[in-house]
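Remarks on the overall topology
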Amino acid sequence: CAGEGDVALISWLTMVISQLGLLWLIFKLVKSTTHAWDYSFTLSFLHFCLSSAACRALPTNWVWWLTLLLCTAIVACASELMCYFLHDLREIEKE
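Report follows, based on the coordinates.

Criteria and thresholds
- Residues numbered from 1 in each chain as written.
- Predicted model: local features only at pLDDT ≥ 70, side-chain atom pairs only at ≥ 80, totals over all residues.
- Heavy atoms only, no water.
- Helix = DSSP H or I, 4+ residues; strand = E, 2+ residues; numbered from the N terminus.
- Expected span 1.5 Å × (residues − 1).
- Buried < 20%, exposed > 50% of the residue type's maximum accessible area, 1.4 Å probe, protein only.
- Patch = residues over 30% accessible without salt bridge, like charges linked within 9 Å, V, L, I, M, F, W, Y side chains within 5 Å.
- Areas by Shrake-Rupley, 256 points an atom, 1.4 Å probe, with all protein chains shown as cover.
- Salt bridge = Lys/Arg side-chain N within 4 Å of Asp/Glu carboxyl O.
- Contact = heavy atoms within 4.5 Å.

**Notes on helix H2 (residues 33–55)**
Working note: α-helix, 3.6 residues per turn, so residues spaced by three or four point in the same direction. The terminal C-alpha atoms of H2 lie 34 Å apart, and with 23 residues this matches the ideal 33 Å at 1.5 Å per residue to within 8%. Those residues of H2 that fall on the buried side of the exposure criterion are Thr33, Ala36, Ser40, Ser44, Phe48, Ser51 and Ser52. Immediately beyond the C-terminal end of H2, within one or two residues, lies Arg56, with a positive phi of roughly 55°.

This is the structure we're talking about:
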């Protein structure tokens, strides 16, 4: 879907920023270490489906695929760690 030059860079930055927003969303809404990675993969799959529907074609750019896979893995690990250290451990300290 992304063209050349500035459009490609803007598309890539939008994807990375939306994945960072996803990290915050999972941390605020899920609050469960065991479900954090599941939400990350599910929402990334939804992103793939919406991107394919918007472009009316499957993404063919290898940078798009690499970015999606890396961002999904990073968000899955980071959201799980954030939920564990900032939610689960805080509950243990209160008891």
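**Some points on a nonpolar patch on the surface**
On the surface, Leu9, Trp12, Leu13, Ile17, Trp62, Val63, Leu66, Leu70 and Ile74 cluster together to form a nonpolar patch covering roughly 900 Å² of accessible area. Counting through the fold element by element, Trp12 comes out in helix H1 (residues 6–29). For Trp12, a relative accessible area of 36% puts it in the partly exposed group.

**Details of the side chain of Ser40**
Locating Ser40 in the fold gives a position in helix H2. Take Ser40: its relative accessible area is 0%, and that puts it in the buried class. Residues within four places of Ser40 in sequence aside, it is in contact with Leu22, Ile26, Thr72, Val75 and Ala76.

**Let's talk about the environment of Glu80**
Tracing the sequence through the fold places Glu80 in helix H3 (residues 62–94). Judged by its relative accessible area of 31%, Glu80 falls in the partly exposed class. Separated by 49 residues in the primary sequence, Glu80 and Lys31 have C-alpha atoms spaced 9.2 Å apart. The residues touching Glu80, leaving out its near neighbours within four places in the chain, are Thr33, Ala36 and Trp37.

Keep in mind these numbers describe shape, not what the thing actually does.
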